[in-house]
Amino acid sequence: MQGSFITLEGIEGAGKSTCMAEVLKLLKENGFDVLQTREPGGTPLGEDLRQLLLGHKHTGMHEDTELLLMFAARAEHLQQKILPALCVGQWVLCDRFTDASYAYQGGGRGMDMRRIATLEAWVQGDIRPQLTLLMDLPVEQGLARAGKRSSPDRFESEALAFFQRVRQAYLNIAEQEPERVKIIDASRPLTEVQAQVRAVILAFLEQRRHD
Ligand code: TMP
């Protein structure tokens with residue numbers, strides 16, 4: 001079986017790390033060699049860009065700059081890490097990818113989705129994740145959870161309405177692409193969330209066996 005490209009998405013406090021651990025465990029139990037990575041980041045250059053994007057040094061960064069830096073990090077990540085891994089049959093499990101650009105820059109910042117689509121086509125060609133788990137929960141609940149962690153980064157400092165637009169943009173993508181994007185109800189207790197994640201992964205593996 002060839003490697004698959006799986007991504008995890010969701011607003012802050014949705015529990016992506018818990019989901020990541022569950023998916024990783026399942027894939028390893030099924031004998032797959034998995035590369036775990038994240039965006040923005042995943043490469044030395046990408047991690048430097050992440051610091052610029054999430055830190056408070058450039059608080060007033062223009063939204064175009066923000067979008068282009070996200071895609072610069074993505075180009076590096078794809079070419080240096082994701083594609084080479086997929087080429088040798090590894091599975092790639094990535095914490096956020098281009099859906100986050102549609103949700104945060106498109107939904108949150110209100111940027112024209114067509115500009116994002118142009119960059120997506122340029123940077124990725126026809127590379128898309130085969131499966132995306134969208135950890136969904138009410139914004140208030142997510143932000144309350146995220147607030148208990150370390151001091152807020154540049155995105156976490158945005159207002160409630162920003163995250164409501166981000167959540168809605170994610171839900172719109174899930175509605176448009178139900179085959180790829182599976183919604184996990186992240187508002188449920190941990191064991192229930194893990195069970196939902198397991199069900200989605202096992203169904204995906206089953207489908208892959210028949211492809
Ligand atoms: P996180 O991965 O630790 O949750 O933080 C990454 C932040 O960057 C998060 O607030 C979402 C944001 N982001 C974008 O705005 N656009 C993107 O394309 C990506 C990958 C992340």
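Let me sum up the structure you'll find in this document. (Residues numbered from 1 in each chain as written. Predicted model: local features only at pLDDT ≥ 70, side-chain atom pairs only at ≥ 80, totals over all residues. Heavy atoms only, no water.)

### Description of the site of the ligand
No. 1: In the vicinity of the ligand there are 14 residues, among which Glu12, Arg50, Arg74, Ser101 and Gln105 approach most closely.
No. 2: Take Gln105: an N or O atom from its side chain is 2.8 Å from a nitrogen atom of the ligand.
No. 3: Contact with the protein chains hides 91% of the accessible area of the ligand, taken as 470 Å² for the molecule alone.
No. 4: In a pocket analysis with a 2 Å cut-off to the grid points, the ligand is assigned to the largest pocket. (Near = heavy atom within 4 Å. Polar contact = N/O pair within 3.5 Å; in protein donor to acceptor, adjacent residues only side chain to side chain. Areas by Shrake-Rupley, 256 points an atom, 1.4 Å probe, with all protein chains shown as cover. 1 Å grid on protein atoms, 1.4 Å probe; cavity = no way out; pocket = protein on both sides within 12 Å on 5 of 7 lines; lining within 4 Å. Sits in = over half its atoms within 2 Å of the grid points.)

### Overview of the environment of Pro178
No. 1: In this fold, Pro178 is placed in the loop between helix H7 (160-176) and strand S5 (181-185).
No. 2: Distance from Pro178 to Ala199, taken between C-alpha atoms, is 15 Å for residues 21 residues apart in sequence. (Helix = DSSP H or I, 4+ residues; strand = E, 2+ residues; numbered from the N terminus.)

### Here's the deal with the layout of surface pockets
No. 1: When its volume is computed, the largest pocket comes out at roughly 630 Å³.
No. 2: Taken together, 29 residues form the lining of the largest pocket, with Glu12, Lys16, Arg50, Arg96 and Asp153 sitting closest to its centre.
No. 3: Of all the elements in the fold, those that place two or more residues in the lining of the largest pocket are helix H1 (16-29), helix H2 (44-54), helix H3 (63-87) and helix H4 (98-108).
No. 4: If you tally residues by element for the lining of the largest pocket, the top one is H4, at four residues.
No. 5: Across the lining of the largest pocket, the residue classes break down as 11 nonpolar, seven polar and 11 charged.
No. 6: The computed volume of the second largest pocket comes to approximately 210 Å³.
No. 7: Forming the walls of the second largest pocket are 15 residues, and the residues nearest its centre are Asp99, Tyr102, Ile173, Glu177 and Arg180.
No. 8: Per element, the largest residue contribution to the lining of the second largest pocket is four residues, and it comes from H7. (Points joined across faces, edges and corners; volume = space filled by probe spheres on them. Nonpolar A, V, L, I, M, F, W, Y, C, P; charged D, E, K, R; others polar.)

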